[in-house]
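# A closer look at the structure
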Amino acid sequence: MTPRGTRTGEDAEDLDVEEVLALVNDSNGTHLPGPAARGGKDSTPTPRKPDTRHRATPWPQARDIAERAARSATRAARRDPVSVPLDAALGLTLATPLDALTDLPSFDTSAMDGWAVAGPAPWDVRDEGVLAGHVGQAPLTDGEAVRIATGARIPADTTAVLRSEHGRTDDKGRLHATRGVVPGQDIRPRGQECRTGDQLLPVGTLVTPAVLGLASAAGYDTVTAVPRARAEVLVLGDELLTEGLPHDGLIRDALGPMLPPWLRALGAEVTAVRRVRDDADALHRAMTTSGADVIVTTGGTAAGPVDHVHPTLRRIGAELLVDGVKVRPGHPMLLARITETQHLVGLPGNPLAAVSGLLTLAEPLLRTLAARPAPEPYTLPLRDAVHGHPHDTRLVPVVLRGDEAVPLHYNGPAMLRGIAAADALAVVPPGGARPGQEAELLDLPWASAGIGVCFT
């Protein structure tokens, strides 16, 4: 099933491989500026004056910046398509068309259990039947029938297939039809679905379970696809426990277990999850030794005494593309370009705020790197009023009930109870929304009835 609001493969029909790998240029022809000159990670960056006029980026603009950054990185990386076995291709994007390697079906096939019959009734029935996967029998002659199973090869000169429930035998063992027989009925002729060389799916198609089935039926063992972007997660904080109950000011880490499957659902290959203590040098080592295309950090994006993300990015000469977003929760999220082909998404440490950062910055970045089609926006009316922020967009967990979106409670920045039960996040404009007001919805990967339900 195609996820709600998602462009189908047909929309990519005119794309070539280069366009899929690099996606498309910005509609206005503009691009992000190149990374600041920095002569390597160990070079001394140009001192920067504090920007006392700093303003957060509006939410829609932040998402656009993340998408354009990925396009720029894709062009710079020039990643070649990869040949991937079918069992590893789920969630990838086709980099070449899927053309039929055989006729489908490749021979005339019975569509039903019953008898293959030749000529008019009654028919003498052969002793030995025809099963799927077995060598076909000799051609039938008029007045002759043979038992046949669904999917079995039709004997030559067969007139039709008579369904089991539409035939009876008399006391002499001859077969009679209990309703009219139309030539060709319940026979799937060779090439009914496609002929060898027909294009089944165009470049840019997302590989879903159904695509895997079609590729296999069409004779493929592998598909040529856009490689996954590599993502590494850095979980920051001395206060985080990985097991047991919270105690003595320590809390359980919710983001370490949550982020890897979420990033995989967004199209990334998660290469590592590293825990980094609240130490500037430790964070510097973690960032500068990562070979990932996208580094995702948790916490440390504000200006507290152990918030080392900003100073470390300055230390390595990274370029801040987004430094704060006008969205709640998740205001202190950021996006930085470390090199032409490596980016960092800084998520806030509060769990729901981190989810907001995922859908605001990581989703468009990773989706574009994976050459996945962008979802078309869609809206539903809100059943209940939602309080808004005076100036910022709010992202609120909702469940979908019929043609309405029902806002959920427990939607504070540190809470996961609401998002754990949600189908989507509603985009609530500054000032809030009244009952019945249409709101844009962001589907969660596992609730979109599409590829995101598979996390491997």
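The rules behind each value
Residues numbered from 1 in each chain as written. Predicted model: local features only at pLDDT ≥ 70, side-chain atom pairs only at ≥ 80, totals over all residues. Heavy atoms only, no water. Salt bridge = Lys/Arg side-chain N within 4 Å of Asp/Glu carboxyl O. Helix = DSSP H or I, 4+ residues; strand = E, 2+ residues; numbered from the N terminus. Buried < 20%, exposed > 50% of the residue type's maximum accessible area, 1.4 Å probe, protein only. Phe/Tyr/Trp six-rings, centres within 6.5 Å; stacked < 30°, edge-to-face > 60°. Lys NZ or Arg CZ within 6 Å of the ring centre and 35° of its normal. Pairing = 2+ DSSP bridges. Axes fitted to C-alpha atoms, helices over the stretch in contact; angles between N-to-C directions. Contact = heavy atoms within 4.5 Å. Core = buried A, V, L, I, M, F, W, Y, C linked by side-chain atoms within 4.5 Å.

Turning our attention to the pattern of salt bridges. Side chains bearing opposite charge may pair, as long as their charged atoms lie close to each other. Counted under the stated rule, the structure contains 17 salt bridges. Across the salt bridge formed by D293 and R230, the nearest N and O atoms sit 3.2 Å from each other. Taken together, the positions of D293 in the loop between helix 5 (280-288) and strand 19 (294-298) and R230 in strand 15 (residues 229-236) put the pair 63 residues apart, joining distant regions of the chain. A residue is classified by how much of its surface remains accessible, and D293, at 13% relative accessible area, is buried. Here R230 falls in the partly exposed class, since its relative accessible area comes to 35%. Salt bridges sharing partners connect three or more residues here, namely R63, E67, R71, E363 and R367.

Once that is clear, we can look at the packing of aromatic side chains. Two aromatic rings, taken as a pair, are described by how far apart their centres are and by the angle between their planes. On inspection of all chains with the given rule, the structure shows zero aromatic pairs. The ring of Y410 carries R417 above its face, with NZ or CZ at 4.0 Å from the centroid.

Here strand 24 (residues 379-381) runs beside strand 28 (residues 438-443); their pairing, made up of three bridges, is antiparallel. Each bridged residue has a counterpart across the sheet, and for L380 the counterpart in strand 28 is A439. Judged from the four bridges that link them, strand 27 (residues 424-428) and strand 28 form a sheet pairing that is antiparallel. Following the sheet pairing, L425 is matched in strand 28 by L442.

Right, let's talk about the sheet that holds strand 7 (residues 123-125) for a bit. Reading across the sheet, the six strands line up as 9-6-8-7-11-10 and stay open at both edges, with mixed pairing between neighbours. Each having just a single partner strand, strand 9 (160-163) and strand 10 (167-169) make up the two edges of the open sheet. Direction aside, the axes of adjacent strands within the sheet are offset by 40° on average. Direction of pairing for strand 7 relative to strand 8 (residues 144-148): parallel, over a ladder of two bridges.

In this section: helix 5. Each α-helix turn comprises 3.6 residues. Residues three or four places apart therefore point the same way. Among all positions of helix 5, only A282, L283, H284, A286 and M287 are buried. Those residues of helix 5 that are buried lie in contact with strand 15, strand 18 (268-276), strand 19, helix 6 (309-315) and strand 23 (342-347).

Moving on, we come to the environment of D80. Within the element layout of this structure, D80 appears in the loop between helix 2 (59-77) and strand 2 (82-85). With 15 residues separating them in the primary sequence, D80 and A95 have C-alpha atoms 9.3 Å apart.

Our next topic: the environment of H387. Considering the arrangement of structural elements, one finds H387 in the loop between strand 24 and strand 25 (393-401). By relative accessible area, H387 is classed as exposed at 70%. In this structure, the C-alpha to C-alpha distance between H387 and G432, residues 45 residues apart in sequence, is 4.6 Å. Contacts of H387, omitting those with residues within four sequence positions, involve R394 and G432.

On to the sheet that holds strand 15, then. In space, the six strands of this open sheet follow the order 18-15-19-23-22-20, with mixed pairing throughout. Here the strands that pair on one side only, and so sit at the sheet edges, are strand 18 and strand 20 (319-323). Along the sheet, successive strands turn relative to each other by an average axial angle of 20°, direction set aside. Of the strand pairs in this sheet, strand 19 and strand 23 are connected by five bridges, and their pairing is parallel. The partner of V296 across the bridge, within strand 23, is V345.

Turning our attention to the nonpolar core. Within the largest apolar cluster, 49 residues are counted, with the highest numbers of intra-cluster contacts made by L263, L335, L365 and L366. For this core, the element with the most residues is helix 7 (residues 351-369), which contributes 10 residues. What L263 contacts, discounting residues up to four positions off in sequence, is A231, V233, A268, V270, V296, L358 and L366.

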